[in-house]
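Report on the structure
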Amino acid sequence: MTTIEEQHVLSELARLRMQVPGVLGCVVAGVDGLLMLYDTTTGTEPHDVAALAAGAHGISRTTGAVLGQGGFSDVTIHNQNGYLSVYAIGELALLVVIGDGQLNIARLHLEARPVTNRLSEMLQIRPAHHM
């Protein structure tokens, strides 16, 4: 059974999935790759998605540090038939969005960034400080 807070997060994930055509699923994971919550319509194992997101976060965070570009914000992987986008939810969590090949990535970025702010508040995670 889920708590009220979890229900609010799940509603936020479902809303993002329904708002942006091409979004197949959303996952909230810790930066350590542990699954927190998910709302997906794919057959992909959410635990695997959480682990992939942690890997993408790690290399992106290191890239930002080496290049002097500041903290992690987001990263998108574009494959032949779809997308995986990972967004920071504060310093400790990630919003992961799985998209099909028809996903409008610019629209996803516009819609997902405010979601990360709301999720940060819901999950009581301190917002990330970007320089």
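Quick summary incoming for the structure in this document. (Residues numbered from 1 in each chain as written. Predicted model: local features only at pLDDT ≥ 70, side-chain atom pairs only at ≥ 80, totals over all residues. Heavy atoms only, no water.)

**Some points on the pattern of salt bridges**
To keep things clear, this is the line we draw: By definition, a salt bridge exists where a carboxyl oxygen of Asp or Glu is found within 4 Å of a side-chain nitrogen of Lys or Arg. A run of DSSP states H or I qualifies as a helix once it reaches four residues; a run of E qualifies as a strand once it reaches two. Both are numbered from the N-terminal end. A 1.4 Å probe rolled over the protein chains alone gives each residue an accessible area, and that area as a share of the maximum for its type sets the label: buried under 20%, exposed over 50%, partly exposed in between.
Under the definition given, this model contains 5 salt bridges. When the shortest N-O distance is used, the salt bridge between Arg113 and Asp74 registers 2.9 Å. With a gap of 39 residues between them, Arg113 in helix 3 (residues 105-122) and Asp74 in strand 3 (residues 74-79) connect regions that are remote in the sequence. Accessibility expressed as a relative area gives 38% for Arg113, which makes it partly exposed. Of the residues examined, Asp74 reaches a relative accessible area of 23% and is grouped as partly exposed. Residue Arg107 is joined to Glu111 by a salt bridge in which the shortest nitrogen-to-oxygen separation is 3.7 Å.

**Focus: the sheet that holds strand 1 (residues 23-30)**
To keep things clear, this is the line we draw: At least two bridges found by DSSP between two strands are what make those strands a pair. Axis geometry follows a simple rule: fit a line to the C-alpha atoms, using only the stretch in contact for helices, then measure angles between N-to-C directions, giving values from 0 to 180 degrees.
With antiparallel pairing, 5 strands are arranged side by side in an open sheet as 2-1-5-4-3. If you trace the sheet from one side to the other, it starts and ends with strand 2 (35-40) and strand 3, each paired once. The average angle at which neighbouring strand axes cross in this sheet is 10°, direction not considered. The pairing of strand 1 with strand 5 (residues 93-100) spans 7 bridges and is classified as antiparallel. Of the residues in strand 5, the one forming a bridge with Gly30 is Ala93.

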